[in-house]
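# Coordinate analysis (summary)
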Amino acid sequence: MVKKKLLIIANWKMYVATSLEARRALQSLRKQSLVLRGAEMVIAPSFALLSAVVDATKGSKIGVAAQSVSPCADGAHTGDVSALMLKAVGAKSVIIGHSERRASGETDAMIREEITQALSAGLRVVLCVGEKERDHDHGSHFAFIASQLRSALADLAKSDAHHLVIAYEPVWAIGKSANAAMAPAALRETSIFIKKILVEHFGREAGISVPILYGGSVDETNAGALVSGGEVDGLLVGRASVKASSLAALIQACKAAAQK
Ligand code: PGA
C-alpha cells in the first residue's frame, strides 16, 4: 500500500550518454504531465550530464539526483565530485552506496562519509542497501541488510531522517544478468524489516517517515505489484527508466495498482 507520495527515481547509470539524448528523453517525459501528477519523479544522470538535465527540467516538477558523491569535502581528489559541487550544479539528491559503487571498492566507512558530506551540503540522501544473495535456509541476508543499514545510519540524528530515502536493491535482482525482480511478498517482509531498523535508530515517528524504495529489474509489467504488494513507497529504476514511454507506463501502472 502506498502511504507516502509515490517516488520514482530513474537511475540512468551510463546508459544515457549525451545531452541531446537526455534532452530528448526529458522532453517526452515532460509531455506526460498527467501521468507524473501525484508522483515525485527524479532523474539521476551521470555527473557529465547533470547540468544539462538540470537545465532541461527547469520549470517542471522533475527533480535531479547525482549517482554518487565524494566522501571528501574538497582538496586533492582527482576525479572526485564533492557534495558542494553537486549542490551548486542544481542536484537536490544523491544516490549513495549503490551496489555497483560498492563492487568497485566503496566501503561502509566511505559510505558514512559520503552521507555526512551530502547532508551537510543540503542534499537528500538515497541510500542503497541489499544482499548479494538470499539465504533461504537461515535468512542470513537479514543480518547483512541490518549491518549495512546500521553502519550507514550510525552518525545520523533524528532530524536527518527527513533528508533520507532508503533504496532496497537486492544485488541478485539488478541488471541484465538478473532473472527477475523480487516477489512482492518477499519484498514486503524485507521492507517491514528495514522499517523496524529505521524506527530503532530514529524513533517511531521519524523512522516511519523515511521512504523505502525497491530497485532491481523493475519494469512496467511488475511495477504495480511491487509497489502495492511490497509495502514500498516507490522504485529505483535502471534499464526501464531510459525510455520515457516505458517510464511513464511504469508510473501509470503504480498509480493504477495503488487505486485498487
Ligand atoms: P535495473 O537497475 O532496474 O536495471 O535492474 C536498478 C538499479 O541498479 O538501480
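Note that this is a predicted model, so its numbers are computed, not measured.

Below, the discussion takes up the overall build of the protein. Along the protein, the regular secondary structure elements total 11 helices and 8 strands. Its C-alpha atoms put the protein at 50 × 50 × 35 Å along the principal axes. Residue burial in the protein is summarised as follows: out of 260 residues, 53% are buried. Of all intrachain contacts in the protein linking residues separated by at least 6 positions in sequence, the fraction that spans at least 24 positions is 72%. Per element, the accessible surface of the protein, about 12000 Å² overall, is 54% carbon and sulfur. Looking at charge distribution, the protein has the averaged site of its 30 positive side-chain charges lying 10 Å from that of its 24 negative ones.

A word on the site of the ligand. Taken together, N11, K13, H98, E169, I174, G175, G216, S217, L236, G238 and R239 make up the full set of residues adjacent to the ligand. Contacts to the ligand include K13, whose side-chain N or O atom sits 2.7 Å from an oxygen atom. Within the contact set of the ligand, an oxygen atom lies 2.7 Å away from a side-chain nitrogen or oxygen of H98. Calculation on the ligand without its partners gives an accessible area of 290 Å², and the protein chains cover 100% of this total. In the shell around the ligand, the residues fall into 2 nonpolar, 6 polar and 3 charged.

This part covers the pairing of strand β7 (residues 212-215). Residues I212 and Y214 line one face of β7 and the alternating positions L213 and G215 line the opposite face, and both faces are buried. Across 3 bridges, strand β6 (residues 164-168) lies against β7 in parallel orientation. Counterpart to I166 in the pairing with β7 is I212. Judged from the 3 bridges that link them, β7 and strand β8 (residues 234-237) form a sheet pairing that is parallel. Pairing of L213 across the sheet is with G234, part of β8. Note on the crossover from β7 through helix α10 (residues 223-229) to β8: the handedness is right-handed.

Membership of the largest hydrophobic core comes to 73 residues, with the highest contact counts inside it found for I8, M41, L127, Y214 and L235. Ranked by residues supplied to this core, first place goes to helix α11 (residues 244-259) with 6 residues. Those residues in contact with Y214 that lie beyond four places of it in its chain are Y168, P170, A173, A181, M182, L187, L226, V232, G234, L235 and L236. In this structure, L7, A65, C128 and A167 belong to the second largest nonpolar core, which totals 12 residues.

It is worth spelling out unusual backbone geometry at this point. At K13, a position not held by glycine, the phi torsion is positive, near 45 degrees. In this structure, S217 takes a positive phi of about 55 degrees despite not being glycine. Tracing the backbone through its elements, the reader meets S217 in the loop between β7 and α10.

Next up on the list: the packing of aromatic side chains. Under the defined criterion, the tally for this structure stands at 2 aromatic pairs. On the numbers, 6.4 Å between centres and 55 degrees between planes, the contact of Y168 with Y214 is tilted. Separated by 46 residues along the polypeptide, Y168 in strand β6 and Y214 in strand β7 bring together distant segments of the chain. Above the face of the F142 ring, R134 is positioned so that its terminal group lies 5.8 Å from the ring centre.

All chains considered together, the criterion is met by 10 salt bridges. Residues E231 and R188 are paired through a salt bridge, measuring 3.9 Å at the closest nitrogen-oxygen approach. With E231 in the loop between α10 and β8 and R188 in helix α8 (residues 184-202), this pair connects stretches of sequence that are 43 residues apart. When its relative accessible area of 40% is taken as the criterion, R188 is described as partly exposed. Here the salt bridges share partners, and the residues they tie into one network are R188, K195 and E231.

Counted at 1.5 Å a residue, the expected span for helix α7 (residues 140-153) with its 14 residues is 20 Å, and the 20 Å between its end C-alpha atoms agrees. Those residues of α7 not exposed but buried are H141, F142, I145, A146, Q148, L149, S151, A152 and L153. Elements that come into contact with the buried residues of α7 comprise α5 (99-103), α6 (108-120), β5 (124-129), β6 and α8.

What follows covers the sheet that holds strand β3 (residues 63-66). Read once around its circumference, the closed barrel built from 8 strands follows the order β1-β2-β3-β4-β5-β6-β7-β8, with strand pairing classed as parallel. In this sheet, adjacent strand axes meet at a mean angle of 25 degrees when their direction is disregarded. Two strands pair when backbone bridges link them, and β3 and strand β4 (residues 93-96) are joined in this way by 2 bridges, in the parallel orientation. Considered in β4, the bridge of A65 is made with S93. With respect to the sheet, α11 is in contact with β1 (6-11), β2 (39-44) and β8, its orientation differing from that of β1 by roughly 155 degrees.

What counts and what doesn't
- Residues numbered from 1 in each chain as written.
- Predicted model: local features only at pLDDT ≥ 70, side-chain atom pairs only at ≥ 80, totals over all residues.
- Heavy atoms only, no water.
- Helix = DSSP H or I, 4+ residues; strand = E, 2+ residues; numbered from the N terminus.
- Buried < 20%, exposed > 50% of the residue type's maximum accessible area, 1.4 Å probe, protein only.
- Contact = heavy atoms within 4.5 Å.
- Areas by Shrake-Rupley, 256 points an atom, 1.4 Å probe, with all protein chains shown as cover.
- Lys, Arg positive; Asp, Glu negative; His and termini not counted.
- Charge placed at Lys NZ, Arg CZ, Asp CG, Glu CD.
- Near = heavy atom within 4 Å.
- Polar contact = N/O pair within 3.5 Å; in protein donor to acceptor, adjacent residues only side chain to side chain.
- Nonpolar A, V, L, I, M, F, W, Y, C, P; charged D, E, K, R; others polar.
- Pairing = 2+ DSSP bridges.
- Right-handed = clockwise from strand over helix to strand, strands pointing away.
- Core = buried A, V, L, I, M, F, W, Y, C linked by side-chain atoms within 4.5 Å.
- Phe/Tyr/Trp six-rings, centres within 6.5 Å; stacked < 30°, edge-to-face > 60°.
- Lys NZ or Arg CZ within 6 Å of the ring centre and 35° of its normal.
- Salt bridge = Lys/Arg side-chain N within 4 Å of Asp/Glu carboxyl O.
- Expected span 1.5 Å × (residues − 1).
- Axes fitted to C-alpha atoms, helices over the stretch in contact; angles between N-to-C directions.

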